[in-house]
Every structure is written in structure tokens, then in C-alpha cells.
Amino acid sequence: MRIHGALRGLPTALAVLGAVQVMAVPDMADAQQSPARTPLNLATDSFTQSLSIPTIALPGVNLTGERLKALLNGGARGLRGMTAINAKRISVPEITLTFAASGNEKGQGGTPGLSLTSILLEDVRGGRAGTVTIGTVGWKTQAGTARLDNVVIHDVDIEAALALYGGSAQGGATGMRAIAAKMTATGGNITSRGVHCTAGAIAVGAMRVRQGSTSSAVTAISMVEAGEAGNSAGVGHLWWLLAAYQRVLNDFEADGGDLQDYHCAASIAGTPDTTVDIERVTMGPLRGGVDPAVAMEGLSVRFAGDSAVSIRQANLKPIDLTRSISALRAAPAEIKSDWLIANIRALIPAIEAFSFEDAVFSIPLSSNPGGRQSLEILSFDAKFANYRNAVPTSIDVDSIGIKFDLPEGPGVPGAAALRTAGVSRFNGTARVTLGWNESEETISVHELSLTGRELGGVFLSGEIANAGSALFSATAGEALSAVQNVTVKFVTISAIDSGLGDLIARYFAQLQGGDPAAVRSVLADKAKGIVSAALASSPSVAAIADAVGALASGSRKNLNVTIQAYGNGLDIADLSDIVINYPALLQRVRIDAEAK
């Protein structure tokens with residue numbers, strides 16, 4: 001979410017705030033100083049940086065003007081001199097930091113900036129400030145604006161903030177250094193090209209910055225890149241977003257945060273007006289290379305005023321981005337679409353798990369313009385593990401309490417019959433769980449299932465062989481070739497009748513004016529005849545037909561069928577011709593069936 005960018009930009013704001021100490025005019029004879037504006041040349045010639053401080057009040061400062069001059073002239077060494085500043089209160093009405101780009105032949109360029117108002121530093125001693133209070137923190141880029149209100153930051157390391165500002169570190173250190181213990185704000189907003197977002201109370205835990213990493217010069221360039229990328233082709237914009245986020249994950253750490261009453265409204269030409277509301281967002285610790293865990297409460301999405309998604313609670317586990325970051329670091333200076341296509345697998349992050357509870361989705365019906373189908377899910381839980389080239393080799397997806405009204409009309413086969421038999425709403429579960437065994441080169445399908453309350457269920461399991469590591473190759477041709485070589489060793493299908501058979505019998509009995517029990521007997525005979533004809537060449541055809549007939553008659557409620565392939569199994573070519581060549585394929589498998 002865009003608001004996360006604002007939260008993660010706070011260390012830069014702290015750096016600018018800390019720069020007040022060394023950028024103020026050195027003549028400190030009076031408590032109020034005249035306006036000061038000091039241009040600073042960046043390493044990149046096309047950018048200039050300037051800091052504007054109209055006035056500053058420093059009661060109780062123990063430094064002379066000459067000493068402060070020495071700090072100003074000391075460059076990176078002057079940062080260490082911040083430990084010499086002691087003051088009970090330092091008050092600054094306003095700070096404005098701007099970055100100017102000269103543009104290019106096309107006349108492009110930008111003047112992004114950062115502004116802070118009503119700044120108060122208290123208990124400044126030994127290079128630290130006990131509390132920093134800021135009335136407003138504002139960001140401005142070509143892409144839009146952002147703001148935080150009534151910011152309070154505790155236990156600020158001014159020297160670390162200034163190191164971030166100038167890209168320097170004491171003694172050439174490169175490790176993480178604490179920059180603040182806690183940050184809170186009463187609210188904020190972000191506006192960018194038809195999108196306006198607001199947030200209520202915000203809190204962020206202890207923050208740390210990597211010394212000698214991201215300087216304000218890099219921040220300036222990033223701000224201008226953001227504005228220009230937003231007006232450029234999709235590849236350039238995507239590259240900037242990925243690179244900027246990589247810098248955040250590499251250079252900053254935080255102990256988690258909390259955001260309340262998030263509201264975002266988008267009005268963009270060619271798309272329906274969209275609103276997103278979240279009652280509360282809780283973010284886990286931010287650590288190098290890993291996107292933090294996120295928990296959301298009270299999520300609501302609306303399109304053109306109509307509810308589209310409503311979720312009581314959603315959770316996203318940490319996402320490992322180390323592989324993506326490595327790919328970005330190895331990328332060429334100019335990113336083109338062919339590079340993205342060739343490296344897309346390396347850029348895909350490893351998602352560990354996500355889940356949600358009490359969700360309602362409103363789905364538009366193509367067959368009924370203006371109509372919508374409601375889908376409810378009580379609980380959804382997806383887990384992914386053991387990634388190989390951005391593909392999870394272990395998958396477990398479980399969904400409980402899937403509810404929806406059976407559609408009316410002829411669009412869905414069987415729905416009309418169920419409605420006639422008295423079933424107007426589906427309530428069931430679904431599960432998919434499988435895993436790859438690298439040493440045995442097999443994929444075990446532990447369960448593919450769909451069940452319906454008071455109807456029954458179907459469960460499928462099996463094993464796929466010849467599934468070597470090439471199946472997950474990052475090279476498309478190698479992976480496709482590996483797919484052609486996999487074989488199916490066995491499949492087990494289990495069917496449970498918890499009422500579906502009676503409903504079908506009742507439906508036909510109503511059509512024919514007969515007795516449901518008599519109808520089931522007729523259905524059983526027909527099922528046995530169909531199986532006997534289809535599997536005539538199978539040695540176990542009689543046992544299979546009897547088992548299917550027992551389930552159809554209602555005398556048995558469970559049916560288990562196992563199909564075991566001889567030799568190396570059935571490959572893709574065999575399965576693609578199963579309709580035509582199934583009599584021959586029956587000689588290559590063993591089928592066992594049992595009804596209980």
C-alpha cells in the first residue's frame with residue numbers, strides 16, 4: 001500500500017530534521033536567527049539540493065558561533081561533533097528541503113521536496129534528542145503529495161540521522177544503527193493522480209538505518225525518478241518501484257507498526273471508481289530482504305459504489321525478497337522488456353502463506369448484466385514452501401465454509417436439478433495439498449477434494465513420477481520438455497454420498513411421478529451397465545461395476561477406486577489419447593474398487 005512508503009520514509013525525515021543543527025546560520029548570538037538558505041552540491045551534477053530554515057530558536061545551547069562554524073566546515077567529520085550540542089529545547093517553525101533537476105533535452109525534470117512545520121526537539125544531549133515533535137511532515141513529487149500530522153518521535157539518534165542525510169558513517173561503519181525508539185502520528189494522507197488515501201492513528205516501533213547507505217542525494221534522485229517513471233512506459237515505472245523498494249529493504253529496519261482507519265479512493269479515467277477501507281493494519285518487523293508480515297482487519301473494497309470484497313480479517317506472512325533483490329542488483333543499467341521477460345522468475349518473491357476469514361465476494365455475472373453472484377468463504381488458508389526457481393514445491397490450500405446460491409437457468413449443468421430437488425445453496429469445503437520429493441523425483445498429490453454439506457464429496461490423491469528438478473527450471477524450454485516426461489503412477493478416487501444420491505433420485509421421481517427408492521434401483525442398474533460396457537476389457541470389471549452400483553443404489557455410502565499403472569506409468573501422450581485408446585490403456589493399469 002502507498003501509505004507504507006510514507007512510513008518507511010520517516011528515517012529520511014529524521015535525517016533532515018537532524019540537519020537543522022549543522023545547517024543553521026552559525027551566528028548564534030540571538031535566540032532568533034534571520035532566514036538561511038545553503039545550497040549543497042550533490043555527487044550527481046544534474047541535481048542540486050537546498051535547505052531552507054526561515055528562523056530557529058536555540059535557548060540554552062552551549063556552543064559558540066565559532067564552534068558551530070567548525071562543525072559546518074567539517075563535512076563528514078562534523079557529524080561526530082553533534083555529540084557536543086546540549087539544549088533543553090530547540091524550536092524551528094519550518095524546514096523546507098528541495099531537490100532541483102535540470103531536466104534533459106525533452107524538458108523533463110522535477111522539484112520534489114520535503115517540508116516540516118512546527119518542529120520541537122527536547123532534551124538534546126550527547127547527539128541524541130529525547131523527543132522530537134513535528135506538526136506536519138509533507139512530501140512532494142511530480143507523482144503527488146503525502147503528509148503526516150502531529151508526529152512524535154522518541155529517543156532520536158541525531159548523528160545517525162545526519163549520517164543518513166549525508167551518506168556518511170562514523171569510522172566507515174556499515175552495520176545497522178538505531179535511529180529512533182518509536183514514532184507516532186495522529187494521521188496522514190497521500191494523493192497521486194486520481195488516488196487519494198487517508199489514515200488515522202499511526203505507530204511505528206524502533207527504527208534502524210544502515211550506516212553509509214542511502215544518502216539524501218539518492219533520495220532526491222529517487223523522488224525525481226518516481227515522477228518521471230509515472231509518466232513513462234510500464235517497464236520503466238516497474239523498474240523504479242522495484243529498485244526503490246529494494247533500497248528500503250536493504251537500508252532500513254523497524255520493529256513493526258500499526259495503522260488505523262485507512263481509506264483510499266481512486267477515480268481514474270477508463271476504470272470504475274474504487275474505494276478501499278481498512279479498519280486496522282498491523283505490520284510485523286521490517287528486516288533486510290524480507291517484506292514484513294501484514295495483518296488487516298475490516299477490509300472493504302467497492303467498485304462504482306457497489307460492494308466487491310468484504311473481509312473481516314486477512315493475514316499475509318513475511319515475503320522473502322532476497323532472490324528478487326539479487327536479481328535487481330545484477331540487472332543492467334537500462335531495463336528493457338526482454339530483460340524482464342527473461343528474469344521474471346527471479347523477480348517473483350517467495351510468499352510463505354496468506355489467509356483470511358469471513359470473506360464475502362460479489363462477482364459480476366456475464367450472463368446477467370448488472371447482476372452479481374455472492375460468494376462467501378468462512379476461512380481460507382494457503383501455505384507455500386520449498387521454493388525452486390520461484391515455484392513452490394509444497395502447496396497446501398484449505399478453504400472452509402464456501403457458500404453460494406446455486407444459479408438459476410440452464411447455465412450450470414446440474415444446478416437446475418438440485419434446485420428442483422430442494423437444494424438452493426451450496427455449503428462446502430475444498431482442499432489442495434501436494435509436495436515434491438526431489439530425491440525420488442516424484443510429486444505426491446496428497447489431496448484434491450470438494451465436499452458439500454448434506455451432499456457428499458469427492459477426494460482424489462495420487463503420485464506423479466519422473467518429476468526431476470528440470471520441471472522447475474527457470475528456462476522455459478527445459479521446463480516444458482520435463483513436463484512431457486512426467487508420468488502418472490497411481491490415482492485414488494473416493495466418493496462419499498451424504499445425501500446427493502437421494503436428491504437425484506427425488507428429482508427423477510418428481511419428473512416421472514415414481515417412487516425415489518425405485519428410481520435408485522433403476523439408476524444402480526444403469527450405472528452397472530455403463531461401467532461394464534466401458535471397462536469390458538479390464539479383468540476386474542465385474543467388481544468395479546458392483547461397487548459403483550452399490551453406491552448408486554444407496555446401499556453403500558463410500559466408494560474407493562484405485563488406478564495403478566504398470567511399469568513407468570502413463571505419460572502425457574497416453575493421457576491425451578485416453579478417449580480414443582482407453583481399451584488399450586486398460587491393459588496397462590490395474591483398477592480396484594470397493595464400496596463401503
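About the criteria used
Residues numbered from 1 in each chain as written. Predicted model: local features only at pLDDT ≥ 70, side-chain atom pairs only at ≥ 80, totals over all residues. Heavy atoms only, no water. Helix = DSSP H or I, 4+ residues; strand = E, 2+ residues; numbered from the N terminus. Buried < 20%, exposed > 50% of the residue type's maximum accessible area, 1.4 Å probe, protein only. Contact = heavy atoms within 4.5 Å. Areas by Shrake-Rupley, 256 points an atom, 1.4 Å probe, with all protein chains shown as cover. Expected span 1.5 Å × (residues − 1). Disulfide = S-S within 2.5 Å. Patch = residues over 30% accessible without salt bridge, like charges linked within 9 Å, V, L, I, M, F, W, Y side chains within 5 Å. Salt bridge = Lys/Arg side-chain N within 4 Å of Asp/Glu carboxyl O. Pairing = 2+ DSSP bridges. Axes fitted to C-alpha atoms, helices over the stretch in contact; angles between N-to-C directions. Parallel < 35°, antiparallel > 145°, perpendicular 65-115°, else oblique. Left-handed = near helix turned anticlockwise from the far one by under 90°. Nonpolar A, V, L, I, M, F, W, Y, C, P; charged D, E, K, R; others polar.

Colleague: Hey, could you run me through the overall build of the protein chain in this one?
Modeller: Broken down by element type, the protein chain carries 17 helices and 30 strands. Across the 596 residues that make up the protein chain, the buried fraction comes to 42%. In the protein chain, the proportion of contacts linking residues at least 24 apart, taken out of those at least 6 apart, comes to 63%. Of the roughly 29000 Å² of accessible surface on the protein chain, a fraction of 56% belongs to carbon and sulfur atoms.

Colleague: Would you explain helix α15 (residues 541-553) in this entry?
Modeller: An α-helical turn contains 3.6 residues, so any two residues separated by three or four positions project in the same direction. For α15, built from 13 residues, the straight-helix expectation of 18 Å at 1.5 Å per residue is met to within 8% by its first-to-last C-alpha distance of 18 Å. Considered for burial, the residues of α15 that qualify are V541, I544, A545, A547, V548, G549, A550 and L551. Buried residues belonging to α15 abut β27 (487-497), α14 (516-534), β28 (558-565) and β30 (589-595).

Colleague: I keep staring at the state of the cysteines and nothing clicks. Help me out?
Modeller: Working definition: the covalent bond between the sulfur atoms of two cysteines is a disulfide. For the structure on display, the rule yields 1 disulfide. C197 shares a disulfide with C264; S-S distance 1.9 Å. Here the residue C197 occupies a position in strand β10 (residues 195-199), and C264 occupies one in strand β14 (residues 257-266), the gap between them amounting to 67 residues. Among the residues examined, C197 registers a relative accessible area of 3% and is labelled buried. The class of C264 is buried, set by a relative accessible area of 12%.

Colleague: Sorry if this is basic, but what is going on with a nonpolar patch on the surface here?
Modeller: On the surface, V432, L448, V458, L460 and I493 cluster together into a nonpolar patch covering about 330 Å² of accessible area. Position of L448 among the secondary structure elements: in strand β25 (residues 442-452). You can call L448 partly exposed: its relative accessible area is 33%.

Colleague: Looking at this model, I keep getting lost on the sheet that holds strand β13 (residues 252-254). Mind explaining?
Modeller: Across the sheet, which stays open at both edges, the 3 strands sit in the order β7-β12-β13 with antiparallel pairing between neighbours. Every other strand in the sheet has two partners, leaving β7 (176-180) and β13 as the edge strands with one partner each. Across the sheet, the mean angle from the axis of one strand to that of its neighbour is 30°, orientation sign disregarded. The pairing of strand β12 (residues 207-210) with β13 spans 3 bridges and is classified as antiparallel. Residue pairing for β13: M207 is matched across the bridge by A254.

Colleague: Would you explain the packing of α14 against α15 in this entry?
Modeller: Helices that pack against each other are described as a pair by the angle of their axes relative to one another and the distance between those axes. α15 packs onto α14 with a crossing angle of 155° between their chain directions and a minimal axis gap of 8 Å. Relative to α15, the element α14 lies roughly antiparallel. Here the hand of the crossing between α14 and α15 comes out right-handed. Within the contact between the two elements, α14 uses R520, L523, A524, A527, K528, V531 and S532 and α15 uses V541, I544, A545, D546, V548, G549, L551, A552 and S553. Its residues placed into classes, the contact of α14 with α15 shows 10 nonpolar, 3 polar and 3 charged.

Colleague: What should I look at first to understand the pairing of strand β18 (residues 306-316) in this one?
Modeller: A regular strand places its side chains on the two faces of the sheet in alternate fashion. Alignment of strand β17 (residues 294-303) against β18, held across 9 bridges, turns out to be antiparallel. Residue M296 lies in a different strand from β18, and its bridge partner there is A314. The antiparallel pairing of β17 with β18 creates a hairpin that spans 2 residues between the two strands, and A304 there sits at a positive phi of about 50°. Note: β18 against strand β21 (residues 353-364), 7 bridges, orientation antiparallel. Counterpart to A314 in the pairing with β21 is F356.

Colleague: How should the environment of K403 be read in this particular structure?
Modeller: Within the element layout of this structure, K403 appears in strand β23 (residues 391-405). Distance from K403 to S374, taken between C-alpha atoms, is 8.4 Å for residues 29 residues apart in sequence. Once residues within four sequence positions are removed from consideration, K403 is found in contact with S374, L375, E376, R425, F426 and N427.

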